[in-house]
Structures are given as structure tokens and as C-alpha cells.
Amino acid sequence: SSGINAEYGGSWFCKRCESQERQVRLKCELCPSKEGALKKIDNSGWAHIVCALYIPEVKFGNNTTMEPIRISEVPCERFQKSCYICEDRGDPMNAKNKGACI
């Protein structure tokens, strides 16, 4: 498994596109978007790398490959705040469908 850390001459597909999981179920655990390139997170969900980079409590299991993305240290309160970028208001009862405040 590799991140985007070197020039690559062949076709490149994100982990979401390589996954055998149903595409309709895959979404970023850190934002409301269901679009874009995703990588696995530590609880078997998915997240955008750019979302992971914006949220300070998020860590990478391997900094070279940038996976798995570890979100276990993101405090629950972050899901209840207004996001600076998307301006959505998190719902504490349904935080997985919203995202973490950036």
C-alpha cells in the first residue's frame, strides 16, 4: 500500500475506488461529503486525507502512506460545532452523518 509520495507512471486509484465495498455506503467520517478520494480509517470507515490534515487531533498510522487515518482522538464536542469550511452544524445524536468541525 502506498501513499502519493513518489512520481508514478501508471494508473492510480484511491482506496475507495479499489475497495470492494458498495460505493453508495462510503463517505468521509470527518465531513458530510460522499465524493472524492478516500482512505481507510482505524474503525473501518473512510476519510479524505485533506479532512484528516485539517483536523489537529487526527493522526496517521503511517505518515508515508497516510493510512490508516486515526480519528479516535477527535473529541465528540468537535462534531457539535459549526464547521469553518462547510458551515454545517453538527448533530450530536447523528455526528457520523455530519462531520468534525475544522
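Structural notes, computed from the coordinates. Small disclaimer: the values here were computed from a predicted structure and weren't measured.

### Thoughts on the overall build of the protein
Along the backbone of the protein there are 2 helices and 4 strands. Each of the 102 residues in the protein was classed as buried or not, and the buried ones make up 35%. Taking the contacts inside the protein whose residues are at least 6 apart along the sequence as the reference set, 34% of them involve residues at least 24 apart. By element, 51% of the accessible surface of the protein is carried by carbon and sulfur atoms, the whole surface being about 6700 Å².

### Re the pattern of salt bridges
Any two side chains of opposite charge can pair, given that their charged atoms come close. Under the defined criterion, the tally for this structure stands at 2 salt bridges. Among the ionic pairs, Glu67 bridges to Lys39, the shortest N-O distance being 3.5 Å. Pair noted here: Glu67 is in the loop between strand E3 (59–60) and strand E4 (69–70) and Lys39 is in strand E1 (residues 39–40), with a separation of 28 residues, a long-range link. Across this residue pair, the class does not change: Glu67 and Lys39 are buried. Glu57 is paired through a salt bridge with Arg78; the nearest N and O atoms lie 2.9 Å apart. Separated by 21 residues along the polypeptide, Glu57 in the loop between helix H2 (49–54) and E3 and Arg78 in the segment after E4 bring together distant segments of the chain. Each member of the pair Glu57 and Arg78 is classed as buried.

### Observations concerning the nonpolar core
Core analysis: the biggest nonpolar cluster contains 18 residues, and Cys28, Leu30, Val58, Ile69, Ile71 and Val74 have the highest contact counts within it. Within the residue set of this core, elements represented by two or more residues are strand E2 (46–47) and H2.

### Overview of the environment of Ile69
Along the chain, the position of Ile69 falls in strand E4. On the basis of relative accessibility, which here comes to 0%, the residue Ile69 falls in the buried class. Between the C-alpha atoms of Ile69 and Ile49, which are 20 residues apart in sequence, the distance is 7.9 Å.

### Things to note about the side chain of Lys39
Lys39 sits in the buried class, given a relative accessible area of 6%. Side-chain polar atoms of Lys39 contact the side chain of Glu67, separated by 3.5 Å.

### Some remarks on the environment of Met66
Tracing the backbone through its elements, the reader meets Met66 in the loop between E3 and E4. It is 9.5 Å that separates the C-alpha atoms of Met66 and Lys40, two residues lying 26 residues apart in sequence. If near-sequence neighbours (up to four positions away) are discounted, Met66 is found in contact with Lys39, Ile49, Leu53 and Phe60.

### A look at the side chain of Glu57
Within the structure, Glu57 has its side chain in polar contact with the side chain of Arg78 (distance 2.9 Å). Not counting the four nearest positions on each side in its chain, Glu57 is found in contact with Arg70, Glu73, Val74, Pro75 and Arg78.

### Some thoughts on the state of the cysteines
Tallied over the full model, the rule gives 0 disulfides. Here Cys31 stays free of any disulfide, with the sulfur of Cys51 as its closest cysteine sulfur at 3.8 Å. Using a relative accessible area of 14% as the deciding quantity, one classes Cys31 as buried.

Rules used throughout
Sequence positions are assigned chain by chain, starting from 1 and proceeding in written order. Thresholds applied to this predicted model are a pLDDT of at least 70 for local features of residues and 80 or more for the giving and counting of side-chain atom pairs; totals over whole chains, interfaces and linings are not thresholded and use all residues. Based on all heavy atoms of the structure, the side-chain values leave hydrogens and waters out of the count. By definition, any uninterrupted DSSP run of H or I lasting at least four residues is a helix, any uninterrupted run of E lasting at least two residues is a strand, and each is numbered from the N terminus. Here's how the labels work: a residue is buried when its accessible area is under 20% of the maximum for its type, exposed when over 50%, partly exposed in between, all with a 1.4 Å probe on protein chains only. Only heavy atoms enter the contact rule, under which two residues are in contact if any of them lie within 4.5 Å. Note on areas: these come from Shrake-Rupley sampling with a 1.4 Å probe, and a residue is covered only by the protein chains present in the view. We define a salt bridge as a contact between a side-chain nitrogen of Lys or Arg and a carboxyl oxygen of Asp or Glu at a distance within 4 Å. To define a nonpolar core, start from buried Ala, Val, Leu, Ile, Met, Phe, Trp, Tyr and Cys residues and group those joined through side-chain atoms within 4.5 Å. Contacts described as polar in this section are N or O atom pairs within 3.5 Å, which, within protein, must combine one atom able to donate a hydrogen with one able to accept it, while residues neighboring in sequence count only if both atoms come from side chains. Counting rule for disulfides: a pair of cysteine sulfur atoms within 2.5 Å.

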